[in-house]
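Here's the letter readout for the chains.
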Amino acid sequence: MNEKTGLTVLEGQAQLDFLEKFGKKTQETAGTQTNRIFDNLLKTSTHLNKALSFTYFHSSGESMIGTVYPSSTLESRSFVFLQSQDPFLSRILRQQLSYLGFLFIIILGVIFIGRLLTNEVVRPIVELSSFISQLADGQQIQFVHDSRDDEIGDLGKEFKRMAHRISEKLFEMRAIGTVNLLINQDFSKSLMLRYILHVLCIRYGASFGVIGFFENRLSEIVDDYELWDDSPSEGRNMLGILPLLIHDLQDSQDGVRYLSTEELHGMGLELDSGVVCRLGSTRDEHARLQGFLFMAGMKQNPREIFPDPVVNPLVRLGTQAKLAAVKVLLDEIQSDAKRGQEVQEGLMPSSNASQNIPLDIGHYFHGARGLAGDFFDILHLESESQFGFVIADVSGKGVGPSIFGATAKAYLKVLAMEAPGDPAFVLSRLNDLLVSDSSSMFLTMFFLVLDLKTMEMTFASAGHNDMFHFSRSTELTTLRAKGLPVGMLEGQVYENCKVSISPGDSLVLYTDGIPELENPARELFGIQRLEAFCRAHIADEGSLWVQALESTLDDFRRGVSPSDDVTALRVKIPADFELPGAS
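These figures come from a predicted structure and were not determined experimentally.

1. Quick notes on the overall build of the protein
Each helix and strand counted, the protein has 12 helices and 18 strands in total. Buried residues in the protein amount to 40% of all 583 residues. Considering only intrachain contacts with a sequence separation of at least 6, the fraction spanning at least 24 residues in the protein is 62%. Carbon and sulfur atoms make up 54% of the accessible area of the protein, which totals about 33,000 Å².

Printed below as a string of structure tokens:
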């Protein structure tokens, strides 16, 4: 072949002869190479003492496989085995197919077991999760896995208990929210108790219920309670068993008693099982409440509904009912106190009380807590020139001190008329009258009689603060007299003190609520501030003086509520005073 053109140099017969000769030479060369490779295999197998395998193609084109085994007995000799590869390939193919089939069976088994586990484990858990969502939405749910005896069943039972607790809590929260709404709307105690009893009976399937709250001790009168499904027969039967139930509760440490159907029938109530619950007591300054709850006709055993007598929802809702009753009671007390305060303020001297008195009079009164213990009075004595002025502070605050003060004030008016110029005698007689009333309360009092004819004042004090006497030139004289508070000890004697007065003089009577008034920094108003105020406003007429005092006290306390009653009485003799009828 020409190397440049790629064309065959020989042609015809010459070309054929060359190709035949080249083919024979190639076969001889290939045979020689095959022999050489085989010889190397034999040597290697003998040297390594290890069988070697090889493949080749038979002249017929069939794929063959051979194995050289070195002999263990004949030195430098090996055995050669030759056979077709087809049986081996078929066997390998069969093994591969069997492996694939086995693997496929394993995959199918895994899929089957997975679905089985899904049905037995995963799906119940997913359903329990769905139940939680339904429970949160307030829906009723049906438990389907709590009857199993495996771990899923245990999980279902625990979830059922949890769901029951959540449901009870949601019920309580809704009921308490409604009760709070009723409280804020100022509904009556009877209406709120009926609502709570209605909710409890419907919730727990009771056909009959009784609830009530009372001060100090439970009532044994059925009509004093609120009833649910008040049938005439059961209501009458309650008359006989109510004292028994109340007595049993008093002996119960946890305040809950479960009643079986047989027990109720034995008591004369044709009702199914029930429960009696003591709703505890609340102590505050005004009341001690005890509550009673009875429910019967329950289809389910109350021990199963309320397994824990201490923390069962009856006690918690009963506590809310108790708070509602306390709130209503306190509202009633507050309302009574407000009406009492209005009555008490109406008994105080009005601005008209000084119309026929030739003096400039101003007075200020503010009760710290509803009904006050302070009081003051302006007395017209028998002589046209004599006038009495009294101020007092009763120990304590509220209804009791207020009634005690009103009693003392009534006695004082009568006694002052008996001895118009003798304040000490009046205080002594008043003390004996109040001590004989066997009350533990007492009062401090300052009683002053002003005689405009003699221009003298006579005063006595029963443990009261020193009062102020300002001259026209603002010179201060404190008015002080010996004596114990009225009502403390029997047989007390008080002293009369006399002081001359002049036109332009001012008298200031007050209770300790003024100097003891506090501001946010817990500073006291004090005697010095009161004295400075009186000097600064000595020229004010009575009404302006009172307005200035109220404004000054409010500015000082800056929103802090007074801890004591605040009372002041200011009497000023006009500078141009002249007794009527005098020459």
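There's plenty left to go through after this.
2. Digging into the sheet that holds strand 14 (residues 467-470)
Read from one edge of the open sheet, five strands run 9-18-17-14-15, paired in antiparallel fashion. Bordering the open sheet on either side are strand 9 (360-366) and strand 15 (476-479), each of which pairs with just one other strand. If you compare each strand with its neighbour and ignore which way they point, the axes differ by 15° on average. Pairing geometry for strand 14 and strand 15, over four bridges, is antiparallel.

3. Overview of the environment of Glu 516
Its place among the elements puts Glu 516 in the loop between strand 17 (506-510) and helix 11 (526-536). For Glu 516, a relative accessible area of 38% corresponds to the partly exposed category. Excluding its chain neighbours within four sequence positions, the residues that come into contact with Glu 516 are Leu 524, Ser 563 and Asp 564.

4. Things to note about helix 10 (residues 423-435)
Look at helix 10: 18 Å from first C-alpha to last across 13 residues, which is about the 18 Å you get at 1.5 Å a residue. When helix 10 is considered as a whole, its buried residues turn out to be Pro 423, Ala 424, Val 426, Leu 427, Ser 428, Leu 430, Asn 431, Leu 434 and Val 435. Where the residues of helix 10 are buried, they touch helix 9 (399-418), strand 12 (443-451) and strand 13 (456-462).

5. Section: the packing of aromatic side chains
Aromatic ring pairs are defined here through the distance separating the ring centres and the angle between the ring planes. Evaluated as defined, the whole model comprises eight aromatic pairs. Their ring planes at 80° and their centres at 5.8 Å tell us that Phe 468 and Phe 470 sit as a pair that is edge-to-face. Residue Phe 468 is classed as buried on the basis of its relative accessible area, which comes to 3%. Since its relative accessible area comes to 1%, Phe 470 is described here as buried. Three or more aromatic residues joined by ring pairs form one cluster here, namely Phe 214, Tyr 225 and Phe 292.

6. Notes on the confidence of the model for the protein
The pLDDT averaged across the protein works out to 78; a share of 70% of its residues lies at or above 70. This model gives residues 1-6 a pLDDT under 50, and the stretch forms six contacts once residues within four places in sequence are excluded. Every residue in residues 282-287 is under pLDDT 50, and counting partners more than four places away or in other chains gives 14 contacts.

7. Looking at empty space enclosed by the protein
Where empty space is left becomes clear once a probe the size of a water molecule has been rolled over the atoms. Considering all chains together, one arrives at one cavity of 30 Å³ or more under this definition. Empty space within the largest cavity amounts to approximately 40 Å³. If you go around the largest cavity, the residues you meet are Phe 470, Ser 506, Val 508, Cys 534, His 537, Ile 538, Trp 545 and Arg 570. Tallied by class, residues from the lining of the largest cavity come to five nonpolar, two polar and one charged.

8. Details of the packing of helix 11 against helix 12 (residues 542-557)
Axis separation between helix 11 and helix 12 bottoms out at 11 Å; the angle between their running directions is 145°. Handedness of the crossing formed by helix 11 with helix 12: right-handed. Between helix 11, through Arg 529, Phe 533 and Cys 534, and helix 12, the contact on the second element is made entirely by Trp 545, Ala 548, Leu 549, Thr 552 and Phe 556. Classifying every residue of the contact of helix 11 with helix 12 gives six nonpolar, one polar and one charged.

9. A look at the nonpolar core
If you look at the biggest cluster of nonpolar residues, it comprises 73 residues, and the most contacted ones within it are Phe 389, Leu 443, Met 445 and Leu 450. The leading source of residues in this core is strand 12, at seven residues. The contacts of Met 445, once residues within four sequence positions are left out, are Phe 375, Val 390, Ile 391, Ala 392, Leu 412, Leu 427, Leu 430, Ala 460, Ser 461, Ala 462 and His 464. In terms of nonpolar packing, the next biggest core, distinct from the first, is built from 22 residues, Tyr 204, Val 275, Met 298 and Phe 306 among them.

What counts as what
- Residues numbered from 1 in each chain as written.
- Predicted model: local features only at pLDDT ≥ 70, side-chain atom pairs only at ≥ 80, totals over all residues.
- Heavy atoms only, no water.
- Helix = DSSP H or I, 4+ residues; strand = E, 2+ residues; numbered from the N terminus.
- Buried < 20%, exposed > 50% of the residue type's maximum accessible area, 1.4 Å probe, protein only.
- Contact = heavy atoms within 4.5 Å.
- Areas by Shrake-Rupley, 256 points an atom, 1.4 Å probe, with all protein chains shown as cover.
- Pairing = 2+ DSSP bridges.
- Axes fitted to C-alpha atoms, helices over the stretch in contact; angles between N-to-C directions.
- Expected span 1.5 Å × (residues − 1).
- Phe/Tyr/Trp six-rings, centres within 6.5 Å; stacked < 30°, edge-to-face > 60°.
- pLDDT = per-residue confidence, 0-100.
- 1 Å grid on protein atoms, 1.4 Å probe; cavity = no way out; pocket = protein on both sides within 12 Å on 5 of 7 lines; lining within 4 Å.
- Points joined across faces, edges and corners; volume = space filled by probe spheres on them.
- Nonpolar A, V, L, I, M, F, W, Y, C, P; charged D, E, K, R; others polar.
- Left-handed = near helix turned anticlockwise from the far one by under 90°.
- Core = buried A, V, L, I, M, F, W, Y, C linked by side-chain atoms within 4.5 Å.

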